[in-house]
Amino acid sequence: MSTVRRVAILGGVRIPFCRQNTAYADVGNLGMSVRTLGALVERFGLHGKQLGEVAMGAVIKHPSDWNLGREAALSSGLSPLTPGITLQRACGTSLDSIITVANKIAVGQIESGIGGGSDTTSDVPIVYGKALRSRLLAANRAKTTGDKIKALVSGFRFSEFKPEFPGVAEPRTGKSMGAHCEDMAKQWNISREEQDAWAVSSHKKLAAAYESGFFSDMVVPFRGVERDNILRPDTNLEKLATLKPAFDKVSGRGTLTAANSTPLTDGASAVLLGSEQWAVDNGLEVQAYLRDAHVSAVDFVHGEGLLMAPTIAVAEILKRNNLSLQDFDIYEIHEAFAAQVLCTLRAWESADYCRERLGLDAPLGAIDPAKINPMGSSLAAGHPFAATGGRVIAAAAKQLAQRGGGRALVSICTAGGMGVVAIVER
């Protein structure tokens, strides 16, 4: 095993993120992945090149999408000798795929690779219940035509045709992510007004980033869409105040709405990584470096907040790198819900939480709000589960490149009570 090397982030590409059942309703994960990888290949002049790995991911996918990484790579313009793999860690999927490729580069197993992901909540797999599946399998196993017919019709009920749709509830609790986040908002006393203000700010910042040209080389048109169609530059607190709670509709204390929560979204992203020497050999400028990454989990089944794992992951990665929470120029915090971000920030400022849960002598402290998600985040852009990490890493790296240096902290909460975080620096 060779010495650990620095891993260069060379840039990222994504298609505009689109609300469920709009522009990408009939595209699917493979189509979105091919467009995104193809655009990355074109941007960086990778036609015919053999990379060490293409790692893509998807959370909601069909059985036919058995290896999106490989299938998308074969249609991207890369050399067909480029291997591909498909990964999944809920909302942290594409950050994990980037970490996977980066680790291989760091230890010298490969020189270059792509990490990313796609997700659709429009083209979801719809299956039939266990009774009909068992019936069809029995008919398939039968040897004679008569036995096949008997297997199909014996005891048949029309109710067996009722389909099963993929759910977004936590299997261990039966509660949606939004319901879990409502619990967190109540625990941390996060008000509706704070959440709405955070959502409005996200839209304003993303709109300003588009107007400034920040995304001109990062977001590629697809299906006639040039910008994230969730984005509402004209949104305001007055409009958001008229919305009803989306998850806690009966207690009179619900604060999460459709506007301060991310909508179901379709989209894809990809990020090019390489060793420093590979970047030089291919004439590519390094935007930033992936310094470190970490994953943590919480026991949400027994009372911890489902989306609080990033608080732990950040504390652990800071300790490993001898850094404080204030040692960053940019904080890219995924906005699954405005309340989730606000709970995280409040927890880091809490002496009790940092002592009792994080084992620290003092709170991690506050962050300058101006440094958090400067180019907007998921509340305005949308959140295709497996594509958000690629969006965030690409945005962080480009901001550091434009600044000429600095350090960024990336944080993503995930279903299943996990948090994936990373340090990006230049």
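Please read all numbers here as calculations on a predicted model, not as lab measurements.

Looking at the overall build of the protein
Okay, so step 1: Along the backbone of the protein there are 14 helices and 12 strands.
Okay, so step 2: In terms of overall dimensions, the protein is globule-like: its C-alpha atoms have a radius of gyration of 22 Å, near the 22 Å expected for 426 residues.
Okay, so step 3: Taking the principal axes of the C-alpha coordinates as reference, the protein spans close to 75 × 60 × 45 Å.
Okay, so step 4: Sequence separation of at least 24 residues holds for 79% of the intrachain contacts in the protein that already meet a minimum separation of 6.
Okay, so step 5: Here the protein displays about 18000 Å² of accessible surface, and carbon together with sulfur accounts for 53% of that area.
Okay, so step 6: Once the 45 positive and 43 negative side-chain charges of the protein are each reduced to a mean point, those two points are 6 Å apart.

Topic: the nonpolar core
Okay, so step 1: F215, L273, L325 and V424 are the most contacted members of the largest nonpolar core, which totals 98 residues.
Okay, so step 2: When near neighbours in sequence (up to four residues on either side) are disregarded, V424 contacts I9, A288, Y289, L290, I393, A397, L400, G406, R407, A408 and V410.
Okay, so step 3: Ranked by size, the runner-up nonpolar core spans 32 residues in total, among them V27, V41, A73 and W278.

Looking at unusual backbone geometry
Glycine aside, residues mostly have negative phi angles, and peptide bonds mostly take the trans form.
Okay, so step 1: Although it is not a glycine, A90 adopts a positive phi angle of roughly 50°.
Okay, so step 2: Tracing the backbone shows A90 in the loop between β4 (84-87) and α3 (93-106).
Okay, so step 3: By relative accessible area, A90 is classed as buried at 12%.
Okay, so step 4: A positive phi angle is found at N189, which is not glycine, with a value near 55°.
Okay, so step 5: As for its placement among the helices and strands, N189 is situated in the loop between α6 (177-187) and α7 (192-212).

Points about the UniProt feature "active site" (unreviewed entry) in the protein
Okay, so step 1: Residues annotated by UniProt as "active site" (unreviewed entry) correspond here to C91, H383 and C413. With the annotated positions falling across 323 residues, the maximum pairwise C-alpha distance of 11.9 Å places them together in a single cluster. In the annotated set above, the residues contributing to the lining of the largest pocket are C91 and H383.
Okay, so step 2: Its place among the elements puts C91 in the loop between β4 and α3.
Okay, so step 3: Relative to the assigned elements, C413 resides in strand β11 (residues 407-414).
Okay, so step 4: Sequence-distant contacts of C413, defined by excluding residues within four places in its chain, comprise C91, L307, P310, H334, A336, Q340, M418 and G419.

Criteria and cut-off values
- Residues numbered from 1 in each chain as written.
- Predicted model: local features only at pLDDT ≥ 70, side-chain atom pairs only at ≥ 80, totals over all residues.
- Heavy atoms only, no water.
- Helix = DSSP H or I, 4+ residues; strand = E, 2+ residues; numbered from the N terminus.
- Rg over C-alpha atoms; globule rule 2.2 N^0.38 Å.
- Contact = heavy atoms within 4.5 Å.
- Areas by Shrake-Rupley, 256 points an atom, 1.4 Å probe, with all protein chains shown as cover.
- Lys, Arg positive; Asp, Glu negative; His and termini not counted.
- Charge placed at Lys NZ, Arg CZ, Asp CG, Glu CD.
- Core = buried A, V, L, I, M, F, W, Y, C linked by side-chain atoms within 4.5 Å.
- Buried < 20%, exposed > 50% of the residue type's maximum accessible area, 1.4 Å probe, protein only.
- UniProt positions renumbered as here; feature names shortened; annotations may be inferred.
- 1 Å grid on protein atoms, 1.4 Å probe; cavity = no way out; pocket = protein on both sides within 12 Å on 5 of 7 lines; lining within 4 Å.

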